[in-house]
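An overview of the molecular structure
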Amino acid sequence: DLEVVEYEKTWRFRELKEEIAKSVGIPVREQRLLSDDGDDIEDGELVASLGADQLRLVRRPSDRATWLFKVQRDGLQLARAPEETRACKQVVLAAVEQNGQALQYASESLRGDRKVALAAVRCDGFAVEHASETLRNDAEFVRIAVARNGLALRHAGDGALRDFEVVRAAVANDWRALRHAAGVLQTDPQIMLVAARARHQELTGGDD
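Presented here is a report on the structure given in the accompanying data block. A quick note: this is a predicted structure, and the numbers were derived from the prediction, not measured.

Conventions used here
Residues numbered from 1 in each chain as written. Predicted model: local features only at pLDDT ≥ 70, side-chain atom pairs only at ≥ 80, totals over all residues. Heavy atoms only, no water. Salt bridge = Lys/Arg side-chain N within 4 Å of Asp/Glu carboxyl O. Helix = DSSP H or I, 4+ residues; strand = E, 2+ residues; numbered from the N terminus. Buried < 20%, exposed > 50% of the residue type's maximum accessible area, 1.4 Å probe, protein only. Core = buried A, V, L, I, M, F, W, Y, C linked by side-chain atoms within 4.5 Å. Contact = heavy atoms within 4.5 Å.

**A look at the pattern of salt bridges**
Within this structure, the stated rule accounts for 11 salt bridges. Taking the shortest distance from any N to any O, the salt bridge between E18 and R14 comes out at 3.4 Å. Of the two residues, E18 and R14 are both situated in helix α1 (residues 13-24); the distance of 4 residues between them amounts to about one turn of the helix. R32 serves as the salt-bridge partner of D40, at 2.8 Å between the closest nitrogen and oxygen. R32 sits in the buried class, given a relative accessible area of 17%. One salt-bridge network, held together by shared partners, links R14, K17, E18 and D43.

Below, the structure written as structure tokens:
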């Protein structure tokens, strides 16, 4: 039988999930609300931004919901999860958003998933070490990682190490990253200037 759930357009989707839990009996953590294109809807989004008539509810298996709950509080719990859970994009995404280093415990395919890996390096630039080889050679991807933690450059692939913008972003964050750049960029005048300024700021506490 179909269940009718009344809602307010001013609600966020977290509130809608809570109402579904009360009305239908599906626990909040077992609910996945999906948009028409199949993307997960964030709890913090306003119902009015999408409309409840443009979504569908999928119930997660209770064991997967339990793991989701665990990794949202400690991403490294992913290391203890069964293989099939470490291949679940929603669980892994939640884990790396909490702790970027959880990427190392994801399935091989998810370590190469751009959305998952980006979430990991935005949390911890050093998580680039656990991304796929393809991503570690992707200049745009690595630049985001080194802008977070300059020394993460040492885990980049050769292609990224030769990219001017990647190296400049890394040494701007931490001048010591210069030693990890490709040889030709280690002596590039512009790169050396950025590194010198970053070192000066470190020594002076940012004072000119």
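After that view, the rundown keeps rolling.
**Things to note about the nonpolar core**
One finds V96, F141 and L153 to be the most contacted residues of the largest nonpolar core, which totals 48 residues. Where this core is concerned, the elements lending two or more residues are α2 (62-73), α4 (89-98), α6 (114-123), α8 (139-148), α9 (158-161), α10 (164-173) and α12 (189-204). Sequence-distant contacts of F141, that is, excluding residues within four places in its chain, are made with R114, A117, L118, V121, V128, A131 and L135. Of all hydrophobic cores here, the second largest spans 8 residues; its members include W11, I41, V47 and L55.

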